[in-house]
Every structure is written in C-alpha cells, then in structure tokens.
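For reference, the chains in residue letters:
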Amino acid sequence: MFNKIIKRGGRKGQRAEGAEPAQRSAAPLSSSGGAGAPAPVTVNHASRASAPSPSSPTSPHAAPSAFSVNPASHPSPPLLEPLPLLRDVAGADRPGLLLRKLRLVAALFDFSDSLKHPREKEAKRQALLELVDYVQAPSPAANANAPVRLPENVQETLVAAISANIFRPLPPALHESAAAIDPGAAPDDEEEPYLDPAWPHLQLVYELLLRYVVSPETDTKVAKRYVDHAFVLRLLDLFDSEDPREREYLKTVLHRIYGKFMVHRPFIRKAINNVFYRFIFETERHNGIGELLEILGSIINGFALPMKEEHKLFLSRALIPLHKPKSVAIYHQQLSYCIVQFVEKDYKLAYTVIRGLLKYWPITNCQKELLFLGELEEVLEATQPAEFQRCMVPLFKQIGRCLNSSHFQVAERALFLWNNDHIVSLIAQNRSVIFPIIFEALERNIQSHWNQAVHGLTANVRKMFLDMDSELFEQCQQQYIEKQARAKEMAEQRESAWRQLEAAAGDDMVLVN
C-alpha cells in the first residue's frame, strides 16, 4: 500500500513539473490525467499571427490558463476552474479576467451528445451570458482614470473566440445527403430544415458578436482590423446554413456591420453580388438568398440620387437574373421588394425591369407566372407614362398570352391588372395601341375559355374597353371579324387543295403514318 502511494505521488509530481504554459493552453486535456488518453476538450485561441497570444510563454503579460484539470485521482472529465464574476474584480484586473473568460468561450465541445461534459458546457454558457451582459452594459460616468472597457487585445481575443465558434464546416445539405444515398432521388421541398444541436450556445455567441458590433464602446478604427474582409467573407459563407435561426442572426449581424463599418460597404455589396452570381449561373442552390435580399432591400432604400452606375449594373446583372432559377418562389417576396425599390428610386429603371421580366418570363411553370404577374403589377404602379410607352407592345403581347392561359389562376391574375387604377389610366392613355393587341385574347376567352370566373372577368374588361372608347372598340371588333373570316377562308382553301391532291393521286397514293 505504501509503495502504491509513493508511485502515485511520483507520477503526479512529474506531471506537474513537466507541464508548460503553452501546453496547458493549447494542448487537449486528458480525460483521466494519464499520458496518451483521448482529448475530449479542444481549446483554440485562434489568435492572429501578427500579434502574440497573451497566454504565450514569450508574452510578458501571460495570463493564467482559463481552466485547469481537477487533481482528483479517479477518472473523470476535466473540470473547469471557477472564475470570479467580472463585476466582483477591480477595474485594473478586469482585462485579464476578460481574456481568461474569452479563452474559455473559445473551447469547442461536441453538442450532438448532451451527456458529454455537461459541466464544461454549462460553464461556457455562463461565461457567454456574462460577456454579453458586460459588452452591452452602458459605460460608467466619464472618468479620466477609468480603464477602457474593451482594450484592443481584448477585442482581438473576442473576435478570435467568436470566430472559433461560428466559423465551422456546415453539415451536408439535405439534397446532398439524399443524392449520396440515392443519386436518382428527386429533392423533397417539404423536408424539415436541419436544426443545429449546438444552437443554444451558438445563439449566445452570435448575440455576443451583435452586441460587440453595435456597442458604442467599439471603435471602428480598431475593430476593422479584426472584423475585416476575410471575416465578412466567412460570415457570408455561413448564410448557406440550413438552420433558419442562424440565418436570421447572420442577417442582423451583417446588416449592423454594413451600417457601422462604412469602409466595408463596397466590399460587402460586391461579395453579395458574387454569391448571387454563383447561385444563378452555377449551383442554383443556396439557403440564404432570401436573407441577403432582405439586407439589400434596406441598403437600396438608402441609395442616394442620382443613382450610381454601379447600382444600376447590380440591378441588371444580379437582381433581374435572380428570376431565372426554379427556386425563385422561396425568395420572390424579398426580390420583388428590392426591384420595386429601384423603380421607386429612379422611375427610368422601369423599362429595364419590365424588359428583364419579359426575358425570364416562365413558359410552362404556372405558379412562377403568378409570381411574375404580381411583381409586374407592383412595378407598373411605379411606372411613368414615358417608360410605359417604351415597353407596352411586348408587355401586352405577353399579358394577352396570360389571358388565354388554360390555367385559370394565371388568366384571373392577368385580368386583375384592370382593377388597378394607375394601370388602367396608363392603358387609357395608350388605348389605340393596346386595344388591338389585347382584343383578340379577350374574344377568345369569351368564346372558348372553360372557366366561368374567367368568363365573368373577361366580360368586365371588355365592357370597360367599350365604355372607354366605343368607336375604337367597334374598329377592333370589325378587324377581329375580318381576321377570323380570312383564317376560315384559308382553312377552306387548304382543305380543298388536299382534296384535289387526293383525287389526282387516286389509288396510287401512299399514306405514311
């Protein structure tokens, strides 16, 4: 028994003497205190290479480790050394305690198993809650001798700890997992979104980032060194997360970064453009297009007039082509808002938008047609007569095709355009051009459309035309009758020609199926 105690004490003393500060802070902790044991907790300081880590042995201000292993002899997961609360320490000691808590926050855990290291996870959660409260707390009364609440080295470690938590490989998308199992399987649009099991902790990390960005204590001249272009790009990559809760936080954080860091604004717009280009022309799959468009809707609303050429190119090269992908219904509401914002800012862009809609108008997708018709009505409401005249001929040819659609909802939605007073006034000003284009489609609906509701709406529009200009209506009607007569005559001539050919061929004619 005495020999066992001596040996155990020797091993313990040897371990204490051989441990170096860098190993305590960077190496994985052993679960049992012995050499070669698996490492359940990884501490990642993620400091930038340009600045020495406060815990590095070469640093003159080396801070103590954020946690230590419990010296209990029985096997157990590592226990975290309790740290005092920030409000319980003197102001001069607070930066050092902040660094220790931030190193604790940088520790990564496996949240897919709730039974692994519950104490460590709870300690990290409490540290995050305290840091969020500290960052968002109002500054005390002005005091020349009071220390800075967020010194530069604390801000660097804060951003590094946040980066260690949120910048991670995203799990495979649902369609990718299904394709790996069955390459021929069709994607299921009704699949439940993936919810990250680590979200309770990730939410606190995002909240900490948000409070840091909006805090009046955050000096952009200092913070832009750490919230830099690389940080923004990695933040944009996370918008492809399948967890809608994470995308909602990302949307808020990126919007706040855009508002506070004016130096990053052109880069953020360009980076979002690149996300759209890749989605439109390469993948046609991305989970965060709607959230990015929401951010852009607010950005577009703040554009100054006259509008820069850069913004007009963004409209024609990125926003309008976003109507092309099959999944446009997912983000169409946000896209339509951005498009209408452009037209309301500069009415001359209405022509560009309407021609773009006609270019990407769906042919066989009726649900997509309904979306286009709704967006078209909103654009026309902001369109001035001069721009309307430039595109009215191709526009009403397309509307005429929609009126004759066998899908009754498409025909109804097209007829509802005449319920808008501004659109009716534009039509009335240019009725001599529009009536002849649209009249034939109305007559076809009256004569042969299968849906009674479409019949009733068509009759109302037809009566509106008659009341607007009865003389022009009679001319269009006469032209339609003559056109129908000519078409009937040509059909009879073709039939007669075929009968003559059959008679001339007689029994020698060979019929080919």
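As the structure is a computational prediction, the values presented were derived from the model and not from experiment.

Conventions we followed
- Residues numbered from 1 in each chain as written.
- Predicted model: local features only at pLDDT ≥ 70, side-chain atom pairs only at ≥ 80, totals over all residues.
- Heavy atoms only, no water.
- Helix = DSSP H or I, 4+ residues; strand = E, 2+ residues; numbered from the N terminus.
- Buried < 20%, exposed > 50% of the residue type's maximum accessible area, 1.4 Å probe, protein only.
- Contact = heavy atoms within 4.5 Å.
- Areas by Shrake-Rupley, 256 points an atom, 1.4 Å probe, with all protein chains shown as cover.
- Axes fitted to C-alpha atoms, helices over the stretch in contact; angles between N-to-C directions.
- Left-handed = near helix turned anticlockwise from the far one by under 90°.
- Nonpolar A, V, L, I, M, F, W, Y, C, P; charged D, E, K, R; others polar.
- Polar contact = N/O pair within 3.5 Å; in protein donor to acceptor, adjacent residues only side chain to side chain.
- Salt bridge = Lys/Arg side-chain N within 4 Å of Asp/Glu carboxyl O.
- Expected span 1.5 Å × (residues − 1).
- 1 Å grid on protein atoms, 1.4 Å probe; cavity = no way out; pocket = protein on both sides within 12 Å on 5 of 7 lines; lining within 4 Å.
- Points joined across faces, edges and corners; volume = space filled by probe spheres on them.
- Phe/Tyr/Trp six-rings, centres within 6.5 Å; stacked < 30°, edge-to-face > 60°.
- Core = buried A, V, L, I, M, F, W, Y, C linked by side-chain atoms within 4.5 Å.
- Parallel < 35°, antiparallel > 145°, perpendicular 65-115°, else oblique.

J.: What is the right way to read the overall build of the protein chain from this model?
T.: Each helix and strand counted, the protein chain has 22 helices and two strands in total. Within the protein chain, buried positions represent 42% of all 513 residues. Residue pairs in contact within the protein chain that sit at least 24 positions apart in sequence constitute 71% of those at least 6 positions apart. By element, 53% of the accessible surface of the protein chain is carried by carbon and sulfur atoms, the whole surface being about 28,200 Å².

J.: Help me understand the packing of helix 20 (residues 431-448) against helix 21 (residues 452-468) in this model?
T.: Each pair of packed helices gets described by two things: the angle between the helix axes and the distance between those axes. Here helix 20 crosses helix 21 at 150°, and the two axes come no closer than 10 Å. Between helix 20 and helix 21 lies a crossing whose hand is left-handed. Across the interface between the two elements, Arg431, Phe435, Ile438, Leu442, Glu443, Asn445 and Ile446 from helix 20 touch Val454, His455, Thr458, Ala459, Val461, Arg462, Phe465 and Met468 from helix 21. The residue inventory of the contact of helix 20 with helix 21, partitioned by class, reads nine nonpolar, three polar and three charged.

J.: For this particular structure, what's the right way to read the side chain of serine 405?
T.: Locating serine 405 in the fold gives a position in the loop between helix 17 (385-403) and helix 18 (408-415). A relative accessible area of 12% places serine 405 in the buried class. At 3.2 Å, the side chain of serine 405 forms a polar contact with the backbone nitrogen of histidine 407. Setting aside its immediate chain neighbours within four residues, serine 405 contacts Val410, Ala411 and His449.

J.: Teacher, can you tell me more about the pattern of salt bridges here?
T.: A full pass over the atoms with the stated rule returns 21 salt bridges. Ionic pairing is found between glutamate 207 and arginine 211, a salt bridge with its closest N-O pair at 2.7 Å. One end of the pair is glutamate 207 and the other is arginine 211, both in helix 7 (residues 199-214) and four residues apart, which spans about a single turn. Owing to a relative accessible area of 14%, glutamate 207 belongs among the buried residues under this scheme.

J.: What am I meant to see in helix 22 (residues 470-505) here?
T.: Think of an α-helix as 3.6 residues a turn; residues three or four steps apart then line up on the same face. Taking 1.5 Å of rise per residue, the 36 residues of helix 22 would be expected to cover 52 Å, and the 53 Å separating its terminal C-alpha atoms lies within 8% of that figure. Taken together, the buried residues of helix 22 touch helix 20 and helix 21. Phi turns positive, to about 65°, at glycine 506, one or two residues after helix 22.

J.: Quick question: what am I supposed to make of empty space enclosed by the protein here?
T.: Rolled over the atoms, a probe with the dimensions of a water molecule shows which regions are left empty. Applying the stated criterion across every chain, the model contains two cavities of 30 Å³ or more. In this structure, the second largest cavity occupies an estimated 30 Å³ of space. Forming the walls of the second largest cavity are Leu98, Leu102, Leu131, Tyr134, Val135, Leu150, Val154 and Leu158. Only helix 3 (94-105), helix 4 (118-136) and helix 5 (152-166) provide two or more residues apiece to the lining of the second largest cavity. Among the elements that take part in the lining of the second largest cavity, helix 4 stands out by supplying three residues, more than any other. Each residue belonging to the lining of the second largest cavity can be placed in one class, and the counts come to eight nonpolar, no polar and no charged.

J.: Sorry if this is basic, but what is going on with the environment of arginine 245 here?
T.: Topologically, arginine 245 is positioned in helix 10 (residues 244-260). Of the residues examined, arginine 245 reaches a relative accessible area of 32% and is grouped as partly exposed. Setting aside residues no more than four positions away along its own chain, arginine 245 makes contact with Leu195, Asp196 and Trp199. Only 2.8 Å separates the side chain of arginine 245 from the side chain of aspartate 243, close enough to count as a polar contact.

J.: Help me out: how do you make sense of the packing of aromatic side chains in this one?
T.: A ring pair, where both rings are aromatic, is described by two values, the distance of the centres and the angle of the planes. If you walk through the whole model with that rule in mind, you get 15 aromatic pairs. Between the aromatic rings of phenylalanine 388 and phenylalanine 396, the centroid separation amounts to 6.0 Å while the plane-to-plane angle is 80°, which identifies the pairing as edge-to-face. Relative accessible area serves as the criterion here: at 1%, phenylalanine 396 is assigned to the buried category. Measuring from ring centre to ring centre gives 5.3 Å for phenylalanine 439 and phenylalanine 473, while their planes differ by 75°; the resulting arrangement is edge-to-face. Of the two residues, phenylalanine 439 sits in helix 20 while phenylalanine 473 sits in helix 22, which places them 34 residues apart along the sequence.

J.: Is there a simple way to think about the nonpolar core in this case?
T.: Soluble, globular proteins show a tendency: their nonpolar side chains are buried together. Counting 132 residues, the largest nonpolar core has Phe276, Leu319 and Trp418 as the members making the most contacts within it. Of all the elements, helix 7 adds the most residues to this core, at ten residues. What tryptophan 418 contacts, discounting residues up to four positions off in sequence, is Phe396, Ile399, Leu403, Val424, Ile427, Ile438, Val461, Met464 and Phe465.

J.: Help me understand the packing of helix 10 against helix 12 (residues 289-301) in this model?
T.: At a minimum axis separation of 9 Å, helix 10 and helix 12 run at an interaxial angle of 30°. With respect to each other, helix 10 and helix 12 are oriented roughly parallel. Where helix 10 crosses over helix 12, the two elements pack in a sense that is right-handed. Facing helix 10, whose interface residues are Arg247, Lys251, Leu254, His255 and Tyr258, helix 12 presents Glu291, Leu292, Glu294, Ile295, Ser298 and Ile299. Per-class residue counts for the contact of helix 10 with helix 12 are five nonpolar, two polar and four charged.

Function cannot be read off these values alone, since they describe shape.
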